[in-house]
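# Architecture and fold: a report
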Amino acid sequence: MPPTESATLDRPTGAGQPGSATPAPTPHRRRRRARLFLRYVLLSVGAVVILFPLYMAVVNSLLAPSQIAHQPPPFFPFNPQWGSYRKAWTEGDLGIYLRNSAIQTSVIVAGQLATSILAAYAFAFLDFPFKRTLFIVFLATLMIPFEVTIATNLATVSSLGWFNTFAGLTIPFLATGFGTFLLRQAFLQIPRDLREAAQLDGYGNMRFLWFVALPLVRPALAALGVFSFLGAWNQYLWPLLVTGNDNSVRTVQIGLKQLLNTQLDQINVSLAGTVIAVIPLLIILVVFQKQLVRSLTSGAVK
Amino acid sequence: MSTDVRPGIGKIGAGVARVNFAGVSKAFDGTLAVDDLSLEVHDGELLVLLGPSGCGKTTALRMVAGLEDPTGGTVSIGTTVVNDVEPKDRDVAMVFQSYALYPHMTLRKNIEFPLRQQRVPAEERARRADEAAATLGLGDLLDRKPGQLSGGQRQRVALARAIVRDPKVFLMDEPLSNLDATLRIQTRADIVSLQRRLGTTTIYVTHDQVEAMTMGHRIAVMKDGMLQQVAAPQDLYERPANTFVASFLGSPGMNLLPATVVDGALEVDGVGIVLRGAPLRIADGPVTVGVRPESASLTATGIAASVTLVEQLGAETHVICTLVDGTRVVVRQGRKAVRPDLGEAVAIELDPDYLHFFDAATGDRLADDR
């Protein structure tokens, strides 16, 4: 830990420096300003490239079908057709699909957080036989693409009678090697002295985890939460395979595909559905943006 | 700091809070970190475990805390053998070198943390935290977080968290080593006065002999896992049990010169040393003579040497000389002494009243009271 007192003492107070308010820009400062300007330009271009498709989706969802085919396509909906959203919601049964996705995603996120926290804590703080070997096995699961295990998973799920149930949708995803790895690394940043101090004060593992370890790895928890939310919400292949034709447990991504199939001539309606399905993701990103950035940069700052 | 003695201290009866090591050993992967340590820390005493890094002093401390299990022997606190007692049930509080403060909690939460686990009611928790904070002069900082504090303040929070529990024993693991020199001297005095006031048995680990000399009721010197000597600071300084203790204590440490005893007379580097009183009661043969830098002086006649370094410290000067056989001897001079030049040929005189004799082979102190 750097001694903070010297840092505060060395800092100039700012008082007693008359005339320092608006100095003439030096060549050095001008160059720095130019570099900053260039950086903003690049970032703006990047933002436009990334946001443009999303913007066009919103625009097109508000156009009448006849306008979409128009060349060049209009970049602003001067006569927004809000009806496409109502149509997507009612004809596409988006309410039910969104509810299903919400259930599926919350169960997966909660499950992944719970199992990752407990496994990562064990790997970071406890001693047990074959700890290293087991951890390597955990890491190895990261190398196996989901598609490789899809056939066996499908066989297991259907043999358990979980076809077309939330259990089938969620249980195969409740544990994650990635999450365990991410949180273990975060836990390892916690000084061992803290664990021992708490131990002397009578805090067992669970209470230390709750009162000390988890608050200290909040950014990593948020990052893992957002990652697993994105992963679960955007799942397509697995929900398609384990759900039947009725919409009792089908998720919104499947619903969108069905909407596109049934409304071939009304692309604005299926785009409206897509926009609706993206909204929860945007909310999550906005809420957790700060924590997410902190987690991704935490190693560099500390 | 207030000067009141905290109520509750009286609950520790005489002899109840002593700590005893009986033949304690600790091996890590076959290497002995602590080797057959037997030591009694008296009730209310501040005992300093002193030694170079890797000497096993921290391991010994951690065995009292229960953070390490002894490989052999027994550790007792009071009359209870605690080898199989959980750390939390030992009623000890530890102050870590890193302070081990919880960065996400305010100082109040940090200080109250041990009490929360003991299910102390919130009101009493707050009162005791206030009290501990006031004792350490942290009263107006309680709503801050550790990151907003200086090193010295963090150190005091760690102490407050230890005293708030009113434990039987304090364990301190190099608590001052992360502070700058000025703050270290200040905090050193604070810890001593706090310990004397509370009267809590304290084991204090350090590698800094000045800290040990100034703080401890007694000092236990360790080397390579083995206890070298336990004694009050002045005794340790005046009668070191072996050459290691002699050279480790004092700054700089004791000079050790190869010498020979012939018929009760002493010869260093071929020069006879005039001894007062009776001849030496040491068998003829080689011996190691120890002399503190303040008991050596530069004179016209004596052991021939040349000056290799002159360190001026303001109030005193250390003249580092090399004898003909290459032995280094440090001479401490007062302010008024004439400082020699580098490379100058000088002669060193040893004060015959302050000589120490050690076995040339084992380094153990030889009995000859002078």
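Note that the coordinates shown come from a computational prediction; the quantities given were computed from them, not determined experimentally. (Residues numbered from 1 in each chain as written. Chains lettered and ligands numbered in written order. Predicted model: local features only at pLDDT ≥ 70, side-chain atom pairs only at ≥ 80, totals over all residues.)

Turning our eyes to something else, we now look at the overall build of chain B. The number of helices and strands found in chain B is eight helices and 20 strands. Projected onto its principal axes, the C-alpha positions of chain B cover 75 × 45 × 40 Å. Here chain B, with 370 residues, has 42% of them falling under the buried criterion. Contacts in chain B between residues at least 24 apart in sequence constitute 65% of all its contacts with a sequence separation of at least 6. (Helix = DSSP H or I, 4+ residues; strand = E, 2+ residues; numbered from the N terminus. Buried ≥ 20, exposed ≤ 12 C-beta atoms within 10 Å, placed from the backbone. Contact = placed C-beta atoms within 7 Å.)

Residues and elements named next belong to chain B. Ordered by their spatial adjacency, four strands build an open sheet running β2-β1-β4-β5, and the pairing between neighbours is antiparallel. Looking along the sheet, the strands with just one partner apiece sit at the ends: β2 (31–41) and β5 (80–81). When strand β4 (residues 72–77) meets β5, the two strands line up antiparallel, connected through two bridges. Bridge pairing in β5 links I77 to T80. (Pairing = 2+ DSSP bridges.)

With that out of the way, let us pick up the domain arrangement of chain A. Residue and element names in this part refer to chain A. As assigned here, chain A comprises domain 1 (32–81) and domain 2 (95–301). Once you take the C-alpha centre of each, domain 1 and domain 2 turn out to be 32 Å apart. Between domain 1 and domain 2, the residue contacts involve eight residues of the former and eight residues of the latter. If you list the elements that add at least two residues to the side of domain 1 that touches domain 2, you get α2 (27–61) and α3 (65–68). Sorting elements by how many residues they give to the side of domain 1 that touches domain 2 places α2 first, with four residues. Across the side of domain 1 that touches domain 2, the residue classes break down as five nonpolar, three polar and no charged. (Domains from an automatic or database assignment. Nonpolar A, V, L, I, M, F, W, Y, C, P; charged D, E, K, R; others polar.)

This paragraph deals with the pairing of strand β17 (residues 317–323) of chain B. Residue and element names in this part refer to chain B. Pairing geometry for strand β16 (residues 303–312) and β17, over seven bridges, is antiparallel. Bridge pairing links A305 to L323 in β17. In textbook terms, the turn of a hairpin is the stretch between consecutive antiparallel strands, and for β16 and β17 this stretch comprises four residues, one of which, G314, has a positive phi near 95°. As judged from the six bridges shared by β17 and strand β18 (residues 328–333), these two strands associate in the antiparallel manner. Counted as the bridge partner of C321 is V329 from β18.

According to the domain assignment, chain B contains domain 1 (9–243) and domain 2 (254–359). Just the C-alpha atoms count here: the centres of domain 1 of chain B and domain 2 of chain B sit 39 Å apart.

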